[in-house]
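Residue-level listing of the chains:
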Amino acid sequence: MSDIQDRTIQATAVEATLVAGAVGLPGGGATQMGGSVACPVCRTMNSQLETYCAECGFLLGSTPGADAEPRAEETGCSLTDDRTGRAFPLHAGDNTVGREACDVLLLDATVSRRHAAVTLTDGGLTVTDFGSTNGTQVDGAPVPANQPTPAGHGSVIRFGSSSLTVSAPGRAADEAPAPPAPVPDEPAAAEAQGDAVATLTDTTDASFVIALTRGDTTLGRRQTCTVPLANDPYVSGLHALVTCDELGCTLADSGSTNGTLMNGKRLAPLQPESLLDGDEVQIGRRSFAFRWIGPAAPEADEPAEAPLPSPAAGDQEP
């Protein structure tokens, strides 16, 4: 065998060994797989391909804050996941709760990435929802978005479908401020009724009478309306407009969500319709009867009387 042939055979053998090693065939080295990394918080082993720990949700590759544990020991407060039993220490101030890069990491698809905050102060503990998709509850009561809500030792806070129990010895839940008393729906001022040219009377509550004076009368849920209808969720902020003069009144829907009905017919937005004595007006869940009390009640145009037929020539009297 020539020297050239011998070198060719050796090179072919080396190449085959390299190829075998690359694909994991016998005779070659084992195929290298992705390694694993231990979570620095809970020590769970995770694939290097993972971004967050599969057990606790910690951002792999980052370093836990050096002052996290001392602060937790100082407060002695925590949130305990009712499902897994894992305790999340709480530090003084705001503790963010969410699915990514938060102080309290919850691997739950119903929890928003930045869901809420639990704020710990010397005076107590509050929960603030950040407008999350699935909401937050404290002891079964919904937490309004962006409004701190009191909680305390033993409270159960629900973020999406994850429930956590508060451990905060010495921090009882402050009594939530009483909700503001609902503003009663009130008709126009009594003194204005002396100048009224018409009225709208609630068909189910005769004591609720709206006095309509010359000019514009606005009706809606806003307190800036002439007649606020604050207790009806079906009424828009500015719902309808009644305009009166010495000749009569018109009603117009202001582009409300649920519309304004007159005698069962929905009005076109911003298109005034004449009100006649006895018309029924529906706004939200209220129904009103219109009554004209001005100088002369407007009435519907009556059809002109048809002339009597002329007698036929043969029917004329002699």
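These figures come from a predicted structure and were not determined experimentally. Counting of residues starts from 1 at the beginning of each chain's written sequence and follows it residue by residue. At least 70 in pLDDT is required for a residue's local features to be given in this predicted model, at least 80 for side-chain atom pairs to be given and counted, and no such filter applies to totals for whole chains, interfaces and linings, which use all residues. With hydrogens and water stripped out, all remaining heavy atoms of the structure feed into the side-chain values.

Before going further, it helps to examine the pairing of strand 8 (residues 124-129). Within a regular strand, side chains alternate between the sheet's two faces. Only protein chains enter the accessibility calculation, which uses a 1.4 Å probe. A residue is then buried if its area is under 20% of the maximum for its type, exposed if over 50%, and partly exposed in between. Put simply, DSSP H or I for four residues or longer makes a helix, DSSP E for two residues or longer makes a strand, and each gets a number counted from the N terminus. Burial within strand 8 is extensive, with five of its six residues counted as buried. If DSSP finds at least two bridges between two strands, the strands pair. With six bridges connecting them, strand 7 (residues 116-121) and strand 8 associate as antiparallel partners. Paired with Leu120 across the two strands is Leu125, which belongs to strand 8. Counting the residues in the hairpin turn of strand 7 and strand 8 gives two residues. Here strand 8 runs beside strand 11 (residues 149-151); their pairing, made up of three bridges, is antiparallel. Bridging from a neighbouring strand, Leu125 pairs with Ala151 of strand 11.

What is meant by a nonpolar core is a set of buried Ala, Val, Leu, Ile, Met, Phe, Trp, Tyr and Cys residues, joined one to another through side-chain atoms within 4.5 Å. Counting residues in hydrophobic clusters, the biggest one holds 23 residues, and the most contacted among them are Val242 and Cys249. Only strand 14 (198-202), strand 15 (209-212), strand 18 (240-245), strand 19 (248-253), strand 23 (280-283) and strand 24 (286-292) provide two or more residues apiece to this core. Contact criterion: two residues are considered in contact whenever any of their non-hydrogen atoms come within 4.5 Å of each other. With residues near it in sequence (within four places) discarded, Cys249 still touches Val197, Ala198, Val242, Thr243, Cys244, Glu273, Ser274, Leu275, Phe290 and Trp292. In terms of nonpolar packing, the next biggest core, distinct from the first, is built from 21 residues, Leu125, Val138, Phe159 and Leu164 among them.

Looking now at the state of the cysteines. Here, the term disulfide refers to a pair of cysteine sulfur atoms separated by no more than 2.5 Å. All told, the structure shown has one disulfide when counted by the stated rule. A sulfur-sulfur distance of 2.1 Å marks the disulfide that ties Cys244 to Cys249. Its torsion about the S-S bond being 105°, the disulfide of Cys244 and Cys249 is classed as right-handed. Both residues of the pair, Cys244 and Cys249, count as buried.

A separate point is the pairing of strand 5 (residues 93-98). Inspection of the sheet shows strand 5 paired to strand 7 by five bridges, in the antiparallel sense. Opposite Asp94, over in strand 7, you have Thr119 as the bridge partner. Looking at chain direction, strand 5 and strand 6 (residues 104-105) are connected through two bridges and run parallel. Looking across to strand 6, one finds that Gly98 is bridged to Leu105.

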